[in-house]
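Per-entry structural report
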Protein chains: 2
Amino acid sequence: MKTFKEFLGEKKAIVEKAIEEELNKLTYPEVIAEGMKYAVLNGGKRLRPILLLMTLDLLEKDMRLGTHIGAAIEMIHSYSLVHDDLPALDNDDYRRGKLTTHKKFGEAQGILIGDALLTHAFAILSERREGLNSDQILDIVNLTGKYAGVNGMIGGQMVDIESEGKKIDFETLKYIHRNKTGKLIKLPLEIGAIIGNISEEKRDVLVRYGELIGLAFQIKDDILDIEGDFEKIGKPVGSDLELEKSTYPSLFGMEKTKKILEETLIEAKDILIENFGFEKSRRFVELADYIGYREN
Amino acid sequence: MKTFKEFLGEKKAIVEKAIEEELNKLTYPEVIAEGMKYAVLNGGKRLRPILLLMTLDLLEKDMRLGTHIGAAIEMIHSYSLVHDDLPALDNDDYRRGKLTTHKKFGEAQGILIGDALLTHAFAILSERREGLNSDQILDIVNLTGKYAGVNGMIGGQMVDIESEGKKIDFETLKYIHRNKTGKLIKLPLEIGAIIGNISEEKRDVLVRYGELIGLAFQIKDDILDIEGDFEKIGKPVGSDLELEKSTYPSLFGMEKTKKILEETLIEAKDILIENFGFEKSRRFVELADYIGYREN
């Protein structure tokens, strides 16, 4: 059997091929077409599209039903990073060791490249697709619009910004995590459920798993911002502290934070094993640990 | 019979009610919900949603099929203005005599409010809607994604920015107009055609009318930037000159520009009258003149 690393690498290659296929269709205006490629094809982990492919595997559906939908989700993730990095927001010059998009192409261009990625994602998502009916596609578009918007990713991002330099309570921190990163990690699992046409009970299990690994992802991010290695995370360590952001470590201390992370991962793994059995859950268990114990 | 002004006022009220209904559902995070309302409910002309309602009238379809879709299109138009006004782009402090969104709420907030409007528009467009089947809704979402994106509005905006301070040829100017403003003015006419389920020939007529009034709209904008009145247009006169933008007047001179505007309007009116008859085209004829001879 393939190691998890090999498994991830294979899925990643499939996802990146779909992203390239979509983006290579765009040629003009050059700066936007180039900028979109630069922003998306930058060595990301492809966690969200890989989660969609894994869900389709789990539900014994043809993975090809999800490759281009996964590419669109990755474009939305990438646009959010491009806009996050802008001077008016996090003002980051580097991401994964490379210049951020607005640093490379200019600030006006960075804003428009982000806008173009978001818009193009919806154009891709709403294409007719063999093997899916129009109702399913519509549900996928609608869920994506909700999870990426004011009651999802952007809402979380906004509260995060508004909270800088303020003491916030645990409820607010949970709102930020649930929305800023959580919704877009839950999204591919739910899209997989829509494609797989499974029962509401099974869908709830996938949703819960998504929520838990989304939370674990964020807690781990907070830990890496303090204990991480610039060479590995590709951006300066300590930027949360500098921006006086409330995080799990700042609210609970490092020791308790690591305990919460571990408990979250155990709950995520257990709920999947209970409902789908150990054999079928294997890659999801490995993914949870990968998220919780990664170095970047 | 109602005057055209009364007719426009009535349609505008219907559109604004739908926009408010949609935006009033949003409450949290407050800054985004408030900012979205501020950006959209600012006294715009509502040209795009009104065009959709007019098309439904023309095709004898229930106007209510288009009110919330029109609201979504107006949100996309508004987001594009919010991002256009940002310091990195046009750096405008005022729009229609009021502070621009980023001036009122802050720059980071302005970026996110724009992102939220764009995303929310796709969430609204992809809702199931009585009287429309899923294929129609999907076609509407897909067309909107294409016309608002890299091969539409954003593409035009990008080439416009890249052309500042440069002499550009007429082909490039046409590309900018066709995409930056043209596509989103054509969009409601084509959405009306999708809802009305009409023949390709009739659809082409509506598309051509949309292209022509879109062009007229842009030419008139260029004229107003030189001859307009601050009190009426709500922003400083002469900003195109200052940014050294290529425009119809800068390429052709004012006299010829006005002649081109007139010819464009005549062509727009004629094509509709020829195909739908004088009586049914009446409001479209009046709208063309309204666009060409407006003072703001």
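First, a word on scope: everything that follows refers to the structure included in this document. Keep in mind it's a predicted model, so treat the numbers as computed, not measured.

**Things to note about the interface of chain A and chain B**
At the interface, 47 residues of chain A touch 47 residues of chain B. Summed over both partners, the interface of chain A with chain B comes to about 4,300 Å²; 70% of that surface belongs to carbon and sulfur atoms. A per-residue breakdown of the area chain A buries against chain B is headed by A:Leu138, A:Val150 and A:Met158, which together make up 15% of the total. The interface formed by chain A and chain B contains six salt bridges. Between B:Asp135 and A:Arg128 there is a salt bridge, with the nearest N and O atoms lying 3.6 Å from each other. If you look at where chain A meets chain B, you find 14 residue pairs in polar contact (both at pLDDT 80 or more). Sorting the residues of the side of chain A that touches chain B by element identifies helix H2 (30–40), helix H4 (67–84), helix H6 (107–125), helix H7 (134–148) and helix H8 (153–162) of chain A as the ones contributing at least two each. Top element by residues in the side of chain A that touches chain B is H6(A). It accounts for 12 residues. Looking at the side of chain A that touches chain B, its residues break down into 27 nonpolar, 12 polar and eight charged.

**Examining the pattern of salt bridges**
Residue and element names in this part refer to chain A. The full count for this structure, using the stated rule, is 49 salt bridges over all chains. Between Glu 21 and Lys 17 there is a salt bridge, and its shortest N-O distance comes to 3.2 Å. Residue Glu 21 and its partner Lys 17 are both found in helix H1 (residues 4–24); the two are separated by four residues, about one turn of the helix. What makes Lys 17 exposed here is its relative accessible area of 55%. One salt bridge in this structure joins Glu 60 and Lys 280, with 3.5 Å as the shortest N-O distance. Here Glu 60, found in the loop between helix H3 (47–58) and H4, pairs with Lys 280, found in helix H15 (residues 278–293); they are 220 residues apart in sequence, far enough to count as distant. Judged by relative accessible area, Lys 280 falls into the partly exposed class, the value being 41%.

**Thoughts on helix H7 (residues 134–148) of chain B**
Residue and element names in this part refer to chain B. An ideal rise of 1.5 Å per residue puts 21 Å on 15 residues; H7 measures up with 21 Å between its terminal C-alpha atoms. Of all the 15 residues making up H7, 12 are buried; the element is thus mostly covered by neighbouring parts of the structure. Residues of H7 that are buried: Ser 134, Gln 136, Ile 137, Leu 138, Ile 140, Val 141, Asn 142, Leu 143, Thr 144, Gly 145, Tyr 147 and Ala 148. The residue sitting at the N-terminus of H7 and contributing the capping side-chain oxygen is Asn 133; that oxygen lies 3.1 Å from the backbone nitrogen of Asp 135.

**Let's talk about the packing of helix H8 (residues 153–162) of chain B against helix H9 (residues 170–196) of chain B**
All names here are of chain B. Interaxial distance between H8 and H9 falls to 7 Å at its minimum, and their mutual angle equals 140°. With respect to their mutual orientation, H8 and H9 come out oblique. In this structure, H8 meets H9 at a crossing whose hand is left-handed. Packed against H8, whose contacting residues are Met 153, Gly 155, Gly 156, Gln 157, Val 159 and Asp 160, the element H9 presents Thr 172, Tyr 175, Ile 176, Asn 179, Lys 180 and Leu 184 at the interface. Of the residues contributing to the contact of H8 with H9, the split by class is five nonpolar, five polar and two charged.

**Section: the nonpolar core**
Core analysis: the biggest nonpolar cluster contains 185 residues, and A:Tyr209, A:Leu287, B:Tyr209 and B:Leu287 have the highest contact counts within it. Apart from the residues lying within four places of it in its own chain, the contact partners of B:Tyr209 are B:Leu51, B:Leu189, B:Ala268, B:Ile271, B:Leu272, B:Phe284, B:Leu287 and B:Ala288.

**As for the relation of the copies chain A and chain B**
When chain A is fitted to chain B, the residual RMSD is 0.0 Å, and the transformation amounts to a turn of 180° plus an axial shift of 0.0 Å. Put plainly, the chains are arranged around a two-fold axis. The position closest to the rotation axis in chain A is occupied by the C-alpha of A:Ser134, lying 2.8 Å away. Mapped onto chain B, 100% of the interface residues of chain A again fall at the interface, so both copies present the same surface.

**Some thoughts on the packing of H3(A) against H15(A)**
Residue and element names in this part refer to chain A. Packing of H3 against H15 brings their axes to within 9 Å, and their N-to-C directions diverge by 160°. By the angle class used here, H3 and H15 are roughly antiparallel. Pair H3 / H15 crosses with left-handed handedness. Of the residues in H15, those in contact with Leu 47, Leu 51, Met 54, Thr 55 and Leu 58 of H3 are Lys 280, Arg 283, Phe 284, Leu 287 and Ile 291. Within the contact of H3 with H15, the residues separate by chemical class into seven nonpolar, one polar and two charged.

**A few points about the packing of aromatic side chains**
The final tally for this structure, using the stated rule, is 17 aromatic pairs over all chains. With 5.9 Å between their ring centres and 25° between their planes, A:Phe4 and A:Phe7 make a pair best called stacked. Of the two residues, A:Phe4 and A:Phe7 both sit in helix H1, three residues apart, roughly one turn of that helix. For the ring pair A:Tyr175 and B:Tyr28, a centre distance of 4.9 Å and an interplane angle of 85° mean the geometry is edge-to-face. Of this pair, A:Tyr175 sits in helix H9 (residues 170–196) while B:Tyr28 sits in the loop between helix H1 (4–24) and helix H2 (30–40), placing the two residues on different chains. Judged by relative accessible area, which is 13%, A:Tyr175 ranks as buried.

**Notes on H15(A)**
For the α-helix, the turn length of 3.6 residues means that residues three or four positions removed from each other point alike. Residues and elements named next belong to chain A. Taking 1.5 Å of rise per residue, 16 residues should cover 22 Å, and H15 covers 21 Å from first to last C-alpha, within 8% of that figure. Most pronounced at Phe 284, the bend in H15 amounts to some 25°. Within H15 the residues assigned to the buried category are Ser 281, Arg 283, Phe 284, Val 285, Leu 287, Ala 288, Ile 291 and Gly 292.

**Here's the deal with the side chain of A:Lys183**
Residue and element names in this part refer to chain A. Considering the arrangement of structural elements, one finds Lys 183 in helix H9. Although buried, Lys 183 forms no salt bridge, and the nearest oppositely charged side chain, Glu 211, lies 8.1 Å from it. Leaving out residues up to four positions away in the same chain, Lys 183 has contacts with Tyr 147, Asn 151, Gly 152 and Arg 178.

About the thresholds
Residues numbered from 1 in each chain as written. Chains lettered and ligands numbered in written order. Predicted model: local features only at pLDDT ≥ 70, side-chain atom pairs only at ≥ 80, totals over all residues. Heavy atoms only, no water. Contact = heavy atoms within 4.5 Å. Buried area = accessible area lost by both parts, 1.4 Å probe. Salt bridge = Lys/Arg side-chain N within 4 Å of Asp/Glu carboxyl O. Polar contact = N/O pair within 3.5 Å; in protein donor to acceptor, adjacent residues only side chain to side chain. Helix = DSSP H or I, 4+ residues; strand = E, 2+ residues; numbered from the N terminus. Nonpolar A, V, L, I, M, F, W, Y, C, P; charged D, E, K, R; others polar. Buried < 20%, exposed > 50% of the residue type's maximum accessible area, 1.4 Å probe, protein only. Expected span 1.5 Å × (residues − 1). Axes fitted to C-alpha atoms, helices over the stretch in contact; angles between N-to-C directions. Parallel < 35°, antiparallel > 145°, perpendicular 65-115°, else oblique. Left-handed = near helix turned anticlockwise from the far one by under 90°. Core = buried A, V, L, I, M, F, W, Y, C linked by side-chain atoms within 4.5 Å. Least-squares fit on C-alpha atoms with pLDDT ≥ 70 in both. Phe/Tyr/Trp six-rings, centres within 6.5 Å; stacked < 30°, edge-to-face > 60°. Bend = angle between axes of the 7 residues up to and from the residue. Lys, Arg positive; Asp, Glu negative; His and termini not counted.

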